[in-house]
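Chain residues, written in single-letter form:
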Amino acid sequence: MRLLVYLWSLPNTLLAITIGLLLMGRFQLVDGVVEIHGRRVAAVLRRLPVPASAMTLGHAVFGQTLDTLQITRRHERVHVRQYERWGPFFVPAYVLISLILYARGRDGYRENPFEIEAYAVDDPSQRV
Ligand SMILES: [Zn+2]
């Protein structure tokens, strides 16, 4: 079963690893998830439409620093589980819901059900 969820997420995970290599990020494996951080990774995360401390892509998580990877780990692991459920449909579903929310004048990030689920596990003192 674990193999199947890794395969289901593999296209996104491989994309993340490729991006991490291109950005010359530093890699570590934590509980079956590849974590990638570094100066160029941080620069890209800061320039996203919604600037992020961390971002999940399949079984990989980009973080600005080792500290942000640790602080955001519980939140980002929820996204890993979401990728395990949605596989290649996660990104299109996430983006579509965000666009619909923005089109209705709502917050496409904070009101996105994928984020609501992830923020629900966060320790409020560590929210990023
Ligand atoms: Zn999130």
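These numbers were taken from a predicted model, which means no experiment stands behind them. Residue numbers restart at each chain and count upward from 1, following the sequence in its written direction. Side-chain atom pairs in this predicted model are given and counted only at pLDDT of 80 or more, local residue features only at pLDDT of at least 70, and totals for whole chains, interfaces and linings cover all residues. Hydrogens and waters are ignored; side-chain quantities use all the structure's heavy atoms.

## Focus: the packing of aromatic side chains
- Working definition: a ring pair exists when centres of Phe, Tyr or Trp rings (six-membered ring for Trp) sit within 6.5 Å. Plane angles under 30 degrees give stacked, over 60 give edge-to-face, the rest tilted. For the structure shown, the criterion picks out seven aromatic pairs.
- Relative to Phe114, the ring of Trp86 has its centre 5.4 Å away and its plane inclined at 80°; by these criteria the two rings are edge-to-face. Residue Trp86 is found in helix H4 (residues 73-86), and its partner Phe114 is found in helix H6 (residues 113-119); the two are separated by 28 residues along the sequence.
- Each residue is assigned to one of three classes by its accessible area relative to the maximum for its type, calculated with a 1.4 Å probe on protein chains only: buried under 20%, partly exposed between the two thresholds, exposed over 50%. The buried category is assigned to Phe114, whose relative accessible area is 7%. The helix and strand labels rest on DSSP assignments: H or I over at least four residues marks a helix, E over at least two residues marks a strand, and numbering proceeds from the N terminus.

## Notes on the coordination of the zinc ion
- Note that water is not among the atoms used; donors are N, O and S atoms within 2.8 Å of the metal (3.2 Å for Na, K and Ca), so sites may look incomplete. Of the protein atoms, only His75 (NE2), His79 (NE2), Glu115 (OE) and Glu115 (OE) coordinate the zinc ion, at distances of 2.0 to 2.6 Å.
- Taken together, the four donor atoms surrounding the zinc ion define angles of 54 to 152° at the centre, an arrangement classified as irregular.
- All donor residues of the zinc ion come from one chain, and their arrangement in sequence is H-x3-H-x35-E. In this pair, His79 is assigned in helix H4 and Glu115 in helix H6, connecting sequence segments 36 residues apart. The rule is simple: four donors are tetrahedral if all their angles sit between 85 and 135 degrees, four are square planar and six octahedral if opposite donors span more than 155 degrees and the others lie between 65 and 115, and anything that fits none of that is irregular.

## Digging into the pairing of strand S4 (residues 60-63)
- Of the two faces of S4, the one holding Ala60 and Phe62 and the one holding Val61 and Gly63 are both buried throughout.
- Think of it this way: DSSP has to see at least two bridges between two strands before they count as a pair. Bridging between strand S2 (residues 33-37) and S4 involves four bridges; their strand directions are parallel. Residue pairing across strands places His37 opposite Gly63, the latter belonging to S4.
- Where strand S3 (residues 54-57) and S4 come together, four bridges link them in antiparallel fashion. Looking across to S4, one finds that Ala54 is bridged to Gly63.

## Section: the nonpolar core
- Counting 15 residues, the largest nonpolar core has Ile36, Val41 and Phe62 as the members making the most contacts within it.
- Residue assignment for this core shows that the elements contributing at least two residues are S2, helix H2 (39-46), S4 and helix H5 (90-103).
- For this core, the element with the most residues is H5, which contributes three residues.
- Only heavy atoms matter for contacts: two residues are in contact if any of them lie within 4.5 Å across the pair. Discounting chain neighbours no more than four positions away, the residues touching Phe62 are Ala16, Ile19, Gly20, Ile36, Val41, Leu45, Ser53, Ala54, Met55, Leu57 and Leu69.
- Buried Ala, Val, Leu, Ile, Met, Phe, Trp, Tyr and Cys residues form a nonpolar core when they are joined through side-chain atoms within 4.5 Å. In terms of nonpolar packing, the next biggest core, distinct from the first, is built from five residues, Val33, Ala54, Val61 and Leu69 among them.

## Focus on the UniProt feature "transmembrane region" (unreviewed entry) in the protein
- The positions UniProt marks with the feature "transmembrane region" (unreviewed entry) are residues 6-27 and 86-103.
- Measuring from the first to the last C-alpha atom of residues 6-27 gives 18 Å, for a span that is 77% helix and 9% strand. UniProt positions are given in the numbering used here, feature names are shortened, and annotations may be inferred rather than shown by experiment.

## What to know about unusual backbone geometry
- Positive phi values are uncommon outside glycine, yet Met24 reaches one of about 55°.
- With respect to the helices, strands and loops of the structure, Met24 is situated in the loop between helix H1 (2-22) and strand S1 (26-30).
- Judged by its relative accessible area of 56%, Met24 falls in the exposed class.
- You will see that Asp31, though not glycine, has its phi angle at about 50°, which is positive.
- Relative to the helices and strands, Asp31 resides in the loop between S1 and S2.

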